[in-house]
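Single-letter residue listing:
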Amino acid sequence: MPQIKIFDTTLRDGEQSPGVNLNKPEKLEIARQLERMGVDRMEAGFPASSKGDFEAVKEIAKMIKNTSVTGLARTVKSDIDTAWEALKYAEEPRLHLFVATSPIHMTYKLKQSPDEVLENAVSMVRYASEKFSQVEFSAEDASRSDLTFLAQIIEKVIDAGATVINLPDTVGYTTPAEYGAMFRYIRENVPNIDKVELSCHCHNDLGLAVANSIAAVENGVTQVEGTINGIGERAGNASLEEVAVALRVRADYYPYSTGLNLEETKRTSDLIAKLTGMYVQANKAVVGRNAFQHEAGIHQDGMLKNKETYEIMTPEMVGVKADTLFLGKHSGRHAFKDRVKELGVNLSEAKVTEAFKMFKQLTDRKKEVTDDDLFTILMEIQTDT
Ligand code: KIV
Ligand code: ZN
């Protein structure tokens, strides 16, 4: 089964989330946890962007041994030199070089013609390859670029030494079918494409980042870029835990695996939420507080009979402690009785009926009934006996 490489950019694109500002010790702690989780590559920062980023990337490059460390650079000599100074300590120094290729970015942001962009990209990839053995080239805003130009620039940067070609959906605009077709086109129209790895990088402006990433994988991409909890610019990046879990849970359908230690998922998610201050929405897939909670009576009843009725993966698979059922106004008698038993209390059927009635009355006033509430009810029942 082909193994998809996971490229984590929580410390670079993720840190670009509005309002997030991680200090060096926090970045080191996240880097250690990402290594524990088994990401293949981590983008530790953008060394030329600030002294703080430079120092953090350097420390991470020195410290991390089992994950390849990379840093971002524009196609500018001084960015590449600064990145090398930070990354040269890494086990396998890797550079991530990017330039925009869409008409709108070239005209208004870079104020360069396509020929100028191409010439500069080729010479900077060549320059970077003299220092770095691994150079990833990103065609920023690839999904809104002209495909003929994209194929042309990719062919030339591969000849100049690029080892990975990344085609980002920078503004989260593409759709799964369209993004997949772009990779198919590139594979069919770039003669030297088999010399490199293909990578995807999706933003979530239309809520399609994970679906687009999986479509890319189905069309020959072997590296997926994203962040934990999906944090990042605007609506964020593809959520790596969602991509990896989708591939694992639907292994019957997708013949791809990742090397992630999925049991570390929750711990990683919690750490990042805590340090970035970006709390995870309760109903977020895989790591949300409610992701493994069942409230409706019919669902709880099904779960008590056979978990697979409503659960497509176990909480343990992603490091979530198996939870007891949420007790609220939708819970049925079966779930209620089960929890009472778990609390070590044996009631006659008549007492169950009585206690269940009190429980239902309480749910009109309280959203979640806790174990303490249950004990209060049970005490009243016992006193009555
Ligand atoms: O979204 C994007 O295009 C990026 C590039 C720098 C790769 O983050
Ligand atoms: Zn991005």
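Residues numbered from 1 in each chain as written. Chains lettered and ligands numbered in written order. Predicted model: local features only at pLDDT ≥ 70, side-chain atom pairs only at ≥ 80, totals over all residues.

Going by what an unreviewed UniProt entry lists, the chain is known as 2-isopropylmalate synthase and is assigned to Lentibacillus persicus. Check the Subunit (unreviewed entry) section of the UniProt entry for the chain; it says "Homodimer." (UniProt positions renumbered as here; feature names shortened; annotations may be inferred.)

Trainee: I would appreciate a short explanation of the overall build of the chain in the present structure.
Mentor: Secondary structure summary: the chain contains 14 helices and 9 strands in total. Every one of the 385 residues in the chain was classed for burial, and the buried ones make up 44%. If you take every contact in the chain between residues at least 6 apart in sequence, the share linking residues at least 24 apart comes to 73%. (Helix = DSSP H or I, 4+ residues; strand = E, 2+ residues; numbered from the N terminus. Buried ≥ 20, exposed ≤ 12 C-beta atoms within 10 Å, placed from the backbone. Contact = placed C-beta atoms within 7 Å.)

Trainee: I'm lost on the packing of helix H3 (residues 77-87) against helix H5 (residues 114-131) in this one. Help?
Mentor: To describe two helices that pack against each other, one gives the angle between their axes and the distance between the axes. H5 packs onto H3 with a crossing angle of 20 degrees between their chain directions and a minimal axis gap of 10 Å. Taken together, the axes of H3 and H5 lie roughly parallel to each other. Here H3 runs over H5; the crossing is right-handed. Listed contacts from H5 to Lys77, Ile80 and Trp84 of H3 are Met124, Tyr127, Ala128 and Lys131. For the contact of H3 with H5, the class distribution of residues is 5 nonpolar, no polar and 2 charged. (Axes fitted to C-alpha atoms, helices over the stretch in contact; angles between N-to-C directions. Parallel < 35°, antiparallel > 145°, perpendicular 65-115°, else oblique. Left-handed = near helix turned anticlockwise from the far one by under 90°. Nonpolar A, V, L, I, M, F, W, Y, C, P; charged D, E, K, R; others polar.)

Trainee: Help me understand the pairing of strand S2 (residues 41-45) in this model?
Mentor: The side chains of a regular strand alternate between both faces of the sheet. Taking burial as the measure, the 5 residues of S2 include 5 buried ones, the bulk of the element. Where strand S1 (residues 3-8) lies against S2, 2 bridges are found, and the strand directions are parallel. Within the sheet, the bridge partner assigned to phenylalanine 7 lies in S2 and is arginine 41. Note: S2 against strand S3 (residues 68-74), 4 bridges, orientation parallel. Bridging across to S3, glutamate 43 finds its partner in threonine 70. Taking the sense of rotation as the criterion, the β-α-β connection linking S2, helix H2 (residues 51-63) and S3 turns out right-handed. (Pairing = 2+ DSSP bridges. Right-handed = clockwise from strand over helix to strand, strands pointing away.)

Trainee: I keep staring at the UniProt feature "binding site: Mn(2+)" (unreviewed entry) in the chain and nothing clicks. Help me out?
Mentor: Taking the UniProt record as the reference, the feature "binding site: Mn(2+)" (unreviewed entry) is found at Asp13, His201, His203 and Asn237. A compact arrangement is adopted by the annotated residues: their sequence extent is 225 residues, whereas the largest C-alpha distance between any two is 10.4 Å. Here histidine 201 falls in the buried class, since 30 other C-beta atoms lie within 10 Å of it. Excluding residues that lie within four positions of it along the chain, histidine 201 makes contacts with Ser138, Asn166, Pro168 and Glu225. Here asparagine 237 lies in the loop between strand S8 (223-226) and helix H9 (240-249). Discounting chain neighbours no more than four positions away, the residues touching asparagine 237 are Thr9, Asp13, Gly14, Cys202, His203, Asn204, Ala209, Gly226, Thr227, Gly230 and Gly232.

Trainee: Can you help me understand the packing of helix H12 (residues 333-342) against helix H13 (residues 349-363) in this one?
Mentor: Close contact between H12 and H13 brings their axes to 11 Å; oriented N to C, the two are set at 105 degrees. Classified by the interaxial angle, the pair formed by H12 and H13 is roughly perpendicular. Taking contact as the criterion, the partners of Arg333, Phe336, Lys337 and Val340 in H12 are, on H13, Val352, Ala355, Phe356 and Phe359. Of the residues in the contact of H12 with H13, the class split is 6 nonpolar, no polar and 2 charged.

Trainee: Explain the site of ligand 1 to me, please; I cannot follow it from the model alone.
Mentor: Around ligand 1, the surrounding shell consists of Asp13, Leu72, Phe98, Ser138, Glu140, Pro168, Thr170, His201 and His203. In terms of residue class, the shell around ligand 1 is made up of 3 nonpolar, 4 polar and 2 charged. (Near = placed C-beta within 6 Å.)

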